[in-house]
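If you want the building blocks of each chain, they are given just below.
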Amino acid sequence: MITWYAVVTNPKCERRAEAGLREAGIATFLPQGAIWTKPRRSPAMVGRPRLAMPRYLFIGDRGDPMFWHAVRSTNGVAGVVGQSGIPLQIKSTTLESIFDRQFTGGLNFNDRPRRKRGWKPGHYERGMRLEIKGGPLTGFIGTVRRSSGKEKVDIEVILFGTTTATSVRLDDVKIAA
């Protein structure tokens, strides 16, 4: 049986860390979605991969006694998500849910229609609690850090026990109950 944990990588080093961990024989899962665009001179849509959870990577422990040494010495790994120095185990149901969403297209970033012209988003004040209703973090609740009032709102979400700042489109959030 595999026990899963989350690793924080150095900025923009997710793929480097994943390659190093796989080379060390460690099971990895890097959640990805896609951004679909239509190139100017092409009739077909092109999907470009995009990380669903930047700086996070899931790793599986099969009971190897040198597991943590290999993880911490891998190039690109900044640390392990945990509390008081104890790594936080990720529930297999949580990981299966993310895995299923990835392979059914649920982590794609622009699979919904653009908003209509003239649409006016609500104004969100700093400290308000918002629920994410679209995108890769659907269902998470966070607090507003900053609202530009045009396209996106910056919120803080608790992800695997760590507060993480993320930017979400205004039509992908609603006020939490």
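Residues numbered from 1 in each chain as written. Predicted model: local features only at pLDDT ≥ 70, side-chain atom pairs only at ≥ 80, totals over all residues. Heavy atoms only, no water.

A. Broad picture of the overall build of the protein. Regarding its fold elements, the protein presents three helices and 14 strands. Its C-alpha atoms give the protein principal-axis dimensions of roughly 60 × 45 × 25 Å. Sorting the 177 residues of the protein into buried and exposed places 37% on the buried side. Residue pairs at least 24 apart in sequence account for 59% of intrachain contacts in the protein once pairs closer than 6 positions are excluded. Split by element, the accessible area of the protein, about 11200 Å² in all, is 52% carbon and sulfur. The centroid of the 29 positive side-chain charges in the protein is displaced by 9 Å from the centroid of its 15 negative side-chain charges. (Helix = DSSP H or I, 4+ residues; strand = E, 2+ residues; numbered from the N terminus. Buried < 20%, exposed > 50% of the residue type's maximum accessible area, 1.4 Å probe, protein only. Contact = heavy atoms within 4.5 Å. Areas by Shrake-Rupley, 256 points an atom, 1.4 Å probe, with all protein chains shown as cover. Lys, Arg positive; Asp, Glu negative; His and termini not counted. Charge placed at Lys NZ, Arg CZ, Asp CG, Glu CD.)

B. Representation of the sheet that holds strand E14 (residues 173-175) in the model. If you walk across this open sheet you meet the five strands as E13-E12-E11-E10-E14, and the pairing is antiparallel. A single partner strand is all that each edge strand has here, and the edge strands are strand E13 (162-169) and E14. Between one strand and the next, the sheet's axes are offset by a mean angle of 45 degrees, whatever the strand orientation. (Pairing = 2+ DSSP bridges. Axes fitted to C-alpha atoms, helices over the stretch in contact; angles between N-to-C directions.)

C. Region of interest: unusual backbone geometry. The backbone phi angle of lysine 12 is positive, close to 60 degrees, even though this residue is not glycine. Secondary-structure assignment places lysine 12 in the loop between strand E1 (3-9) and helix H1 (14-23). The exposure class assigned to lysine 12 is exposed, which follows from its relative accessible area of 79%.

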